[in-house]
Amino acid sequence: VQHLEMARDMASSFNHIYGSEYFTLPEAVVEESVATLPGLDGRKMSKSYNNTIPLFAPREQLRKLINSITTDSRAPGEAKEVEGSALFQIYQGFASEEESAALRQQYAEGIAWGDAKQILFERIDREIAPMRQRYTELMANPAEVERILQAGAEKARAESAPYMRQLRTSAGLRRLSVTATATPNSGAR
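Residues numbered from 1 in each chain as written. Predicted model: local features only at pLDDT ≥ 70, side-chain atom pairs only at ≥ 80, totals over all residues. Heavy atoms only, no water.

Draft legend 1. Region of interest: helix H1 (residues 2-18). Helix length check: H1, at 17 residues, gives a terminal C-alpha distance of 24 Å against a target of 24 Å (1.5 Å per residue), a fit within 8%. All of the buried residues in H1 are Ala-11, Phe-14 and Asn-15. Projection of H1 onto a plane perpendicular to its axis shows the buried side chains occupying an angular sector of 95 degrees, all on one side. Summarising the geometry of H1, the exposed residues directed more than 90 degrees from the buried face are Gln-2, Asp-9, His-16 and Ile-17. Tucked inside the fold, the buried residues of H1 contact helix H6 (142-171). In the stretch just after H1, Gly-19 is the one whose phi turns positive, near 70 degrees. (Helix = DSSP H or I, 4+ residues; strand = E, 2+ residues; numbered from the N terminus. Expected span 1.5 Å × (residues − 1). Buried < 20%, exposed > 50% of the residue type's maximum accessible area, 1.4 Å probe, protein only. Arc of directions from axis to C-beta. Contact = heavy atoms within 4.5 Å.)

This is the structure in structure tokens:
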């Protein structure tokens, strides 16, 4: 959200200074249920707290990390609260409304924490397994990564070049080789 706010400020300033709507102001769209995911220890997920879940971690490391999520001491069969449950909040980040409602019901019925963690692991793994596989393939083939990056750069340049020319012209930026034909010594001495 902070990066979008900076982009809005810059776009708005450019539009104001150069008198047109060159840039559309971006809007942040963040679902409240996943605005901030808790980390393994229940605090805000952050690398500086060392409580993150690296999405491309090997499957068994992912399972181990999810099993380390902090929970309370309620026993199996005892109703559990979804409010304040890091495990449930992380699950919501990956699950549909229906899946979240089903897990909410299981919390009310007293699901065991180990079972809830297994459900979370399966849901996350199902979501990211194809991405993890592609990541692993790409990491093993840097030439393919370079080819993809170069193709993307070509496409981006082709699409952005006309727009960049328009922006440069509006801002009064031009190549030095396009200056008026003046001789270096033509001025007064």
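Draft legend 2. Structural detail: unusual backbone geometry. Even without being glycine, Asn-50 reaches a positive phi, approximately 55 degrees. By the secondary structure assignment, Asn-50 is in the loop between H1 and helix H2 (59-67). Taking relative accessible area as the criterion, Asn-50 reaches 70% and is therefore assigned exposed.

Draft legend 3. Molecular detail of the packing of helix H5 (residues 113-139) against H6. It is at 6 Å that the axes of H5 and H6 come closest, and there the two elements cross at 100 degrees. Taken together, the axis directions place H5 and H6 in an arrangement best described as roughly perpendicular. Of the residues in H6, those in contact with Arg-134, Leu-138 and Met-139 of H5 are Pro-142, Glu-144, Val-145 and Ile-148. In terms of residue class, the contact of H5 with H6 is built from 5 nonpolar, no polar and 2 charged. (Axes fitted to C-alpha atoms, helices over the stretch in contact; angles between N-to-C directions. Parallel < 35°, antiparallel > 145°, perpendicular 65-115°, else oblique. Nonpolar A, V, L, I, M, F, W, Y, C, P; charged D, E, K, R; others polar.)

Draft legend 4. Region of interest: the packing of aromatic side chains. Considering all chains together, one arrives at 7 aromatic pairs under this definition. Note on Phe-14 and Tyr-18: the rings are 4.6 Å apart at their centroids and 45 degrees apart in plane angle, and the pair reads as tilted. With Phe-14 and Tyr-18 both in helix H1 and 4 residues apart, this pair spans about one turn of that helix. The interplanar angle of 75 degrees and the centroid separation of 5.3 Å between the aromatic rings of Phe-14 and Phe-23 together place this pair among those described as edge-to-face. Exposure remark for Phe-14: the relative accessible area of 18% places this residue in the buried category. In this structure an aromatic cluster arises from ring pairing among Phe-14, Tyr-18, Tyr-22, Phe-23 and Tyr-163. (Phe/Tyr/Trp six-rings, centres within 6.5 Å; stacked < 30°, edge-to-face > 60°.)

Draft legend 5. Expanded view of the nonpolar core. Of all hydrophobic cores here, the largest spans 23 residues; its most connected members are Ile-66, Ile-69, Tyr-107, Leu-120 and Ile-124. Elements with a contribution of two residues or more to this core: H2, helix H3 (86-94), helix H4 (97-108) and H5. Setting aside chain neighbours within four positions, we find Ile-66 in contact with Ile-53, Lys-117, Leu-120, Phe-121 and Ile-124. (Core = buried A, V, L, I, M, F, W, Y, C linked by side-chain atoms within 4.5 Å.)

Draft legend 6. Expanded view of H5. The sharpest bend along H5 reaches about 50 degrees and sits at Ile-128, with the proline Pro-130 one to four residues further on. Elements that come into contact with the buried residues of H5 comprise H2, H3 and H4. (Bend = angle between axes of the 7 residues up to and from the residue.)

Draft legend 7. Fine view of the side chain of Arg-123. Mapped onto the secondary structure, Arg-123 falls in helix H5. Setting aside residues no more than four positions away along its own chain, Arg-123 makes contact with Tyr-91, Phe-94, Ala-95 and Glu-99.

Draft legend 8. Representation of the side chain of Asn-15. As for its placement among the helices and strands, Asn-15 is situated in helix H1. A distance of 3.5 Å separates polar atoms of two side chains, one belonging to Asn-15 and the other to Glu-21. Of the polar contacts made by the side chain of Asn-15, one reaches the backbone nitrogen of Tyr-22; its length is 3.0 Å. If we ignore the near neighbours within four places in the chain, the residues touching Asn-15 are Ser-20, Glu-21, Tyr-22, Phe-23 and Leu-25. (Polar contact = N/O pair within 3.5 Å; in protein donor to acceptor, adjacent residues only side chain to side chain.)

Draft legend 9. Looking closely at the environment of Ser-100. The topology assignment puts Ser-100 in helix H4. Measuring from C-alpha to C-alpha, the distance between Ser-100 and Phe-88 comes to 8.1 Å, with 12 residues separating the pair along the chain. Once residues lying within four places of it in the same chain are set aside, the contact partners of Ser-100 are Phe-88, Tyr-91, Gln-92 and Ala-95.

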